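Residues per chain are reported as follows:
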Amino acid sequence: QVQLVESGGGLVQAGGSLRLSCSASGSTFSIITMAWYRQAPGKQRDLVAIITRGGSTNYADSVKGRFTISRDNAKNTVYLQMNSLKPEDTGVYYCELKYLARSAREYNNWGQGTQVTVSS
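Below is a short write-up of the structure. (Residues numbered from 1 in each chain as written. Predicted model: local features only at pLDDT ≥ 70, side-chain atom pairs only at ≥ 80, totals over all residues. Heavy atoms only, no water.)

Quick look at the state of the cysteines now. With the rule as written, the count across this model stands at one disulfide. The residue that forms a disulfide with C22 is C95, at a sulfur-sulfur distance of 2.1 Å. Taking the torsion about the sulfur-sulfur bond, which here is approximately -85 degrees, the covalent link between C22 and C95 counts as left-handed. Here C22 is found in strand 3 (residues 18-26), whereas its partner C95 is found in strand 9 (residues 91-101), with 73 residues between them in sequence. For the pair C22 and C95, a shared accessibility class is recorded, and that class is buried. (Disulfide = S-S within 2.5 Å. Helix = DSSP H or I, 4+ residues; strand = E, 2+ residues; numbered from the N terminus. Buried < 20%, exposed > 50% of the residue type's maximum accessible area, 1.4 Å probe, protein only.)

Per the stated rule, a full pass over the model turns up three aromatic pairs. Taking the centre distance of 5.5 Å and the plane angle of 20 degrees together, the rings of Y99 and Y107 count as stacked. For Y99, a relative accessible area of 4% translates into the label buried. By relative accessible area, Y107 is classed as partly exposed at 29%. Through pairs of rings, three or more aromatic residues link up here, namely F29, Y99 and Y107. Residue placement shows R19 over the ring face of Y79; its charged tip is 4.4 Å from the ring centre. Sitting above the plane of the W110 ring, R45 keeps its charged end 4.8 Å from the centroid. (Phe/Tyr/Trp six-rings, centres within 6.5 Å; stacked < 30°, edge-to-face > 60°. Lys NZ or Arg CZ within 6 Å of the ring centre and 35° of its normal.)

Summarising burial for strand 9: nine of the eleven residues are buried, a large majority. As paired elements, strand 4 (residues 29-39) and strand 9 share ten bridges and run antiparallel to each other. Note on strand 9: the bridge partner recorded for Y37 is Y94. Pairing geometry for strand 9 and strand 11 (residues 114-119), over three bridges, is antiparallel. Across the sheet, G91 pairs through a bridge with V116, a residue of strand 11. Sheet topology note: the strand 9/strand 10 (residues 106-110) ladder contains five bridges and is antiparallel. Its bridge partner being in strand 10, E96 is matched across the sheet by W110. As consecutive antiparallel partners, strand 9 and strand 10 are separated by four residues, and within that stretch A104 has a phi angle of approximately 80 degrees, a positive value. (Pairing = 2+ DSSP bridges.)

The values are spatial; any link to function lies outside them.
This is how it looks when you write it as structure tokens:
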């Protein structure tokens, strides 16, 4: 199995920046996609950004121009650079990995989440 370790969350004032990291480790696997989701209290978990193995990216409209997702395939790590943060960016950010195991079976794994709080 594959484990995801997230880091980089914290408290920041509006207009500030944070950089989230998510590293996958464990059995040999090949990345299909890595993504970041966000869940605010009382709301559903929504996609923030996603990146494919080949580097194609997509973003939620609310974060375009402010957030950047990137990855290092060799290290099985995905990053989310968050700039010009707004209070509405507050929530728990979850890393999601879709991958192929050595058996060729497709899996999805989730990190435990990291809290991001943006104050006014």
